[in-house]
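As a plain string of letters, each chain reads:
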Amino acid sequence: MTIYKNPNYSTQERVADLLSQMTLEEKIAQLGAQWLLLDEHGNHSERELEMTSNAEQKTVKEKLKYGLGQITRPLGTHVVTPKQGVEALNQLQKYLIEETRLGIPAMSHEECLVGLMAKEATLYPSSLNYGHTWNPELIEQAAEDIGRQARAVGAKQGLAPVLDVSRDVRWGRTEETLGEDPYHVGVMSSHYVKGLQGPKRDLLATLKHYVGHSASEGARNHAPVNLGFKELNDTFMLPFEMAVKLANAGSVMPAYHDIDGEPCHSSHYLLTEVLREQWGFDGLIVADYGGVDLLKAHHAVAQDSTEAAALAFNAGLDVELPDDACSNKLHQALELGLMTHDKLDEIVSRILTFKFDLGLFENPYTAVPSEAIHNEHSTKTAYQVASESIVLLKNDGTLPLTRSQSVALLGATADDPLALLGGYSFPVHLILSGDESTERVAKSIKEALAERIPSLQYAKGCDILTQRHANAPVFPGDVDMAVAQASESPVSMDTSLIESAVEAASTSDVAVVCVGDLAGLFQTGTVGEGSDADSLDLPGVQQQLIDQVLDTGKRVVVLVTGGRPYNLGRAEEEAAAIVYGWAPGQEGANAIADVLLGDVNPSGKLTVSIPKNVGAVPYFYNHKLKSAGTPIAYHFGSKYNFGHGLSYSEFKYSNFQVANAEVSASDMIIVSCDLTNTSSRDGAEVVQLYSRDVLSTVVRPVKELKGFKKVHLAAGETKRVVFELPVDMLNFTNAKHQRVVEGGDFNLMLGRSSNEIEFTQTVTVEKGTFVLPKNWRMVCNAYSE
């Protein structure tokens, strides 16, 4: 037995042996992927990516002749059962092992942000819902279950989580973010990574989109990002640094955009100097789909695919996804001296190391699932995430509803299960490929409430979209380059259904008006990747529906679902209650119904501020002082700020204490308070710790989250909530690209939200400027007792 096939040798010895036997073509094949429609009988077919400009055609056997680095989404690309998908994947592995010279198996990757993106997998809530739970341990549990399902179908890499920090909620991918605070995103995503990868790291989580993708011009997808390094590092890179150092993330995906003229996919500084050399990242860097090709097609920093491949792989890329449109030109790059053989061997060695460590050579085949990958535990976990993520923005006492009330349920989203799903859920993703099904994938809000309220009346009131179809004109995106200019918006402006909704409201005690958006990639929806907004008004005529129902004088509860917050016009003042459910997944309707009826006490808190007006965006609570020498414009700011969320319980904060008001740079600052549930029902409150640097050599945000703890309290119960804040976390990035803590005064604040502060005290850090070490203390330990 050759060394590389013998598990008794070390991974390093096996890699060296295999590498020494590989031809140039076999090495290059490991740097690419193939996006195929796999067949359980081995009759695999091609599936081309529209984004690439590579028109070269090869047969499937020609594409697999020299082996394969990764296989792209074998179950997530088309509708196959887990059993069919695994059998097809095994057929591909059988071919690679038995029909190629060296028998190197391929890694399989799938999307898994909101659950494994495959038929019969759990449809988890959106990433935005994850953030609104403020419960890292719960999200780790959800990720564990997602990881279990991904492993069951043979995946070795999952393309999640998203660590983009929200900055402008018009951005379609807001639904994929965890929120607008970098520390909160870092904590939540690190727990997701730990849950997905498990203790053995036998499934690689993929941090994306590295980095600054959410800070694009005008919140437009793929648009340039104009940031200095201080802002980039303190806001956008921090979550990535945390997930690498705290959770040992196995993979990173660069973003599509350029930063100050440098595309992320060709940034040696970001991919190698920072990620690998400074942070110690030891995983695989995989391209976003088509990202290498875009170096020539959009960014125009490469004259052809050969140069694009050389730029990306020299910068630090390991694997091109979803295919090998550019990586298959690397032999030309080597001939032209654009890349060295040593660099190629370095990358191939890294890929092979993971294939050995993941056990692919000993166990290339996946056991065909004998039972459903979605189970009762999945249902319970998805429900818990959904129920803890629902945010009660406003309530005059109308909520919770009673089962004896007559309720009018109105709105375009009330009886549409797809309205409860994110863009990277399998049923929504199918719309883009034209494979959408009429099958009911989840319970709708109407179905859930009808089970609980006998006298429920339903009227749709309006539509959001007249049609949902694929092939919207998205790429290349610039107006003058667009293929078609005469596209008409499919958003419905038909008001003919509003009258019947108003009639239903008039004869009911309470009207619940369901509004929001529909996730769909590249303009197949009103939110999602490539579905950016030009306004924060509700799509279509939904605001007219709300207003006319308000005119009835009945109590109105506005329920918003979808992937971004909206301005609700008159309803913000006149509605009896406002509830945000976001995109709560397959158990979302049950969770929403239980919150509306009081069976669940809402505990979600905003992780994206809701701007008062589209003229305020980009708006986020942790901005730097915005002064113009005049009174602040009426439209600026947020009525519902980061951290806000009501409960059916009441909570009292008291007995505040800062144990040490003067500290050294190596100290821990201890901040604590008592939290009492003063109501007659059990509930949960999120206690939040903020800081402000009083005087600094660089401009600092007006406020920054430094710690948080979700505390569950029985009626009348009191707990002591304690925060152990390392002084390291009071750092910022200086002009030398170092993280430093400057001595001086810091205001520490405890509150219910970023603008509902209950306690403030100044703490003084010893004089001096302190450069932080590589492994600086980046987590505030928070606990209750």
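Per an unreviewed UniProt entry, the chain goes by Beta-D-glucoside glucohydrolase and derives from Vibrio astriarenae.

A.B. asks: Explanation requested: the side chain of threonine 306 in the structure shown.
C.D. replies: Its location among the elements puts threonine 306 in helix α11 (residues 305-315). In this structure threonine 306 comes out as buried when scored by relative accessible area, which is 5%.

A.B. asks: Can you help me understand the packing of helix α1 (residues 11-21) against helix α13 (residues 341-357) in this one?
C.D. replies: The description of two helices packed together rests on the angle between their axes and the distance between the axes. It is at 9 Å that the axes of α1 and α13 come closest, and there the two elements cross at 130°. The angle between α1 and α13 places the two elements in the oblique class. Here the hand of the crossing between α1 and α13 comes out right-handed. Facing Thr11, Arg14, Val15, Leu18 and Leu19 of α1, the residues of α13 in contact are Asp345, Val348, Ser349, Leu352, Thr353, Phe356 and Asp357.

A.B. asks: Mind showing me how you'd approach the nonpolar core here?
C.D. replies: Across soluble globular proteins, nonpolar side chains have a tendency to be buried as a group. Residues Tyr210 and Ile669 are the most contacted members of the largest nonpolar core, which totals 155 residues. Among the elements that line this core, the one with the most residues is helix α8 (residues 229-247), at ten residues. When residues no more than four places from it in sequence are discounted, the contact partners of tyrosine 210 are Met237, Phe240, Val252, Met253, Pro254, Ala255, Cys264, Leu270, Leu271, Val274, Leu275 and Trp279. Counting 43 residues, the second largest nonpolar core, distinct from the first, contains Leu393, Ala408, Ala501 and Ala505.

A.B. asks: Is there a simple way to explain the confidence of the model for the chain in this structure?
C.D. replies: As a note on interpretation, predicted positions should not be read in detail where pLDDT is low. In this model, the chain carries an average pLDDT of 94, and 95% of its residues clear a pLDDT of 70 or more. Across residues 471-477, where pLDDT falls below 50, the model places 13 contacts with residues more than four positions away in sequence or in other chains.

A.B. asks: What should I look at first to understand the environment of glycine 316 in this one?
C.D. replies: Within the element layout of this structure, glycine 316 appears in the loop between α11 and α12 (330-335). Overall, the relative accessible area of 5% leaves glycine 316 in the buried class. For glycine 316 and threonine 272, which are 44 residues apart along the polypeptide, the C-alpha to C-alpha distance reads 5.4 Å.

A.B. asks: Would you take a moment to explain α8 for this structure?
C.D. replies: Three or four residues apart is the spacing at which side chains of an α-helix point the same way, because the helix has 3.6 residues per turn. At methionine 237, α8 is deflected by roughly 60°, the largest bend along its length, and proline proline 239 occurs up to four residues later in sequence. Of all 19 residues making up α8, 15 are buried, and the element is well covered by its neighbours. The positive-phi residue at the C-terminal boundary of α8 is asparagine 248, with phi of around 55°.

What counts as what
- Residues numbered from 1 in each chain as written.
- Predicted model: local features only at pLDDT ≥ 70, side-chain atom pairs only at ≥ 80, totals over all residues.
- Heavy atoms only, no water.
- Helix = DSSP H or I, 4+ residues; strand = E, 2+ residues; numbered from the N terminus.
- Buried < 20%, exposed > 50% of the residue type's maximum accessible area, 1.4 Å probe, protein only.
- Axes fitted to C-alpha atoms, helices over the stretch in contact; angles between N-to-C directions.
- Parallel < 35°, antiparallel > 145°, perpendicular 65-115°, else oblique.
- Left-handed = near helix turned anticlockwise from the far one by under 90°.
- Contact = heavy atoms within 4.5 Å.
- Core = buried A, V, L, I, M, F, W, Y, C linked by side-chain atoms within 4.5 Å.
- pLDDT = per-residue confidence, 0-100.
- Bend = angle between axes of the 7 residues up to and from the residue.

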